[in-house]
Amino acid sequence: MNPAIPAWRPMREADLGFVDRLGNSIYPEHVESFAAFAAKFRASPDSCMVAEKGGRGAGYCLALPADAGKPPRLDQVRYVPIAPSFIHLHDIALSEAARGHGLVPLAIDRLADVARAKSFAGLSLIAVMGTETMWPRYGFKPAPCDRAVIASFGGGVYMTRPF
């Protein structure tokens, strides 16, 4: 593996400080507590990743099982899905050094593998900051969602990618 090219690896508990710092610096209008990041990681470590470049963190992907149309709210610490049917891509954050290396489609492919292994219906996410135009290239389409969840993000578009 070339250390100059960022690559995904499984997230570890020790990565949560990095996740907290990067996420809140990249998304200052969507601040989450350390406890919220930790809870999402602990809910599904097998669907969380860190991108490394040169042995240092350069990005992360936090995803967890979620109910259709009712994923966790922004900064929600306790979330227990009733009938999880999607792996919900809660957050993907890439530093400048990690962008442009195809990490987003690689993360989506890995999350799809996790979802299929759990016999889930697909992937979901909430597109914020105008990114709803980017996600269709990866197969995501708008879908109905609990209004309180969308409001917790200050707006957005819930999208799914069914299998």
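Please read all numbers here as calculations on a predicted model, not as lab measurements.

Trainee: Help me out: how do you make sense of the sheet that holds strand S4 (residues 86-94) in this one?
Mentor: Where strands meet in a sheet, backbone hydrogen bonds hold them as pairs that are either parallel or antiparallel. The seven strands are arranged S1-S2-S3-S4-S5-S7-S6 in an open sheet whose pairing can be described as mixed. Because the sheet does not close on itself, it has two edges, and the strands there are strand S1 (7-10) and strand S6 (141-142). Note that strand S2 (residues 49-53) and strand S3 (residues 56-66) share five bridges and pair antiparallel. Note on S3: the bridge partner recorded for Val50 is Tyr60.

Trainee: Would you mind showing me how to read helix H1 (residues 16-26) here?
Mentor: Note on helix geometry: an α-helix contains 3.6 residues per turn, so any two residues three or four positions apart are oriented the same way. Looking at H1, one finds that the buried residues are Leu16, Phe18, Val19, Asp20, Leu22, Gly23 and Asn24. Its buried side turned inward, H1 meets helix H2 (34-43), S2, S3 and S4.

Trainee: Would you explain the pairing of strand S7 (residues 157-162) in this entry?
Mentor: In regular strands, side chains alternate between the two faces of the sheet. In the sheet, strand S5 (residues 122-127) pairs with S7 via six bridges, with the strands oriented antiparallel. Bridged to Leu123 within S7 is Arg161. Of the pairings in the sheet, the one linking S6 to S7 comprises two bridges and is antiparallel in character. Bridge pairing in S7 places Lys141 opposite Thr160.

Trainee: Sorry, what's going on with the side chain of Lys40 here?
Mentor: Mapped onto the elements, Lys40 comes out in helix H2. With a relative accessible area of 2%, Lys40 lands in the buried category. A polar contact of 3.3 Å, which involves the side chain of Lys40, links it to the side chain of Glu32.

Trainee: So what exactly am I meant to see when it comes to the side chain of Arg9 here?
Mentor: Relative to the assigned elements, Arg9 resides in strand S1. Side-chain polar atoms of Arg9 contact the side chain of Asp15, separated by 2.8 Å. Within polar-contact distance, the side chain of Arg9 engages the side chain of Glu52 at 2.8 Å. With near-sequence residues (within four places) excluded, Arg9 lies in contact with Asp15, Cys48, Met49, Val50 and Glu52.

Trainee: Sorry if this is basic, but what is going on with the pattern of salt bridges here?
Mentor: Close approach of charged atoms allows side chains of opposite charge to pair. Tallied over the full model, the rule gives seven salt bridges. Note that Arg99 is salt-bridged to Glu96, the shortest N-O span being 2.6 Å. With a relative accessible area of 39%, Arg99 lands in the partly exposed category. Relative accessible area serves as the criterion here: at 62%, Glu96 is assigned to the exposed category. One continuous salt-bridge network, built from bridges that share partners, spans Arg9, Asp15 and Glu52.

Trainee: Could you clarify how one ought to interpret the pairing of S2 in this entry?
Mentor: Bridging between S1 and S2 involves four bridges; their strand directions are antiparallel. Across the sheet, the residue bridging to Arg9 is Val50, located in S2.

Trainee: Can you walk me through unusual backbone geometry in this structure?
Mentor: Keep in mind that most residues, glycine aside, have a negative phi and that most peptide bonds are trans. The residue Asp75 is not glycine, and still its phi comes out positive at about 65°. A relative accessible area of 33% places Asp75 in the partly exposed class. Unusually for a residue other than glycine, Met129 sits at a positive phi of about 60°. One can find Met129 in the loop between S5 and S6.

So, how was this worked out
- The numbers attached to residues start from 1 for each chain and follow its sequence in the written order.
- Totals for whole chains, interfaces and linings use every residue, but because this is a predicted model, local features are given only for residues with pLDDT of at least 70 and side-chain atom pairs only at 80 or more, for both listing and counting.
- Each side-chain value is derived from all of the structure's non-hydrogen atoms; neither hydrogens nor water enter the calculation.
- The pairing criterion is simple: DSSP has to find at least two bridges between the two strands.
- Under the scheme used here, helices are H or I runs from DSSP no shorter than 4 residues and strands are E runs no shorter than 2 residues, and both carry numbers assigned from the N terminus.
- Under the scheme applied here, a residue whose accessible area is under 20% of the maximum for its type counts as buried, over 50% as exposed, and between as partly exposed, the area being computed with a 1.4 Å probe on protein chains only.
- In what follows, residue pairs with any heavy atoms lying within 4.5 Å of each other are defined as contacts.
- By the criterion applied in these results, polar contacts are pairs of N or O atoms within 3.5 Å in which, for protein atoms, one can donate a hydrogen and the other can accept it, and in which residues neighboring in sequence qualify only through two side-chain atoms.
- Any Lys or Arg side-chain nitrogen located within 4 Å of an Asp or Glu carboxyl oxygen qualifies as a salt bridge.

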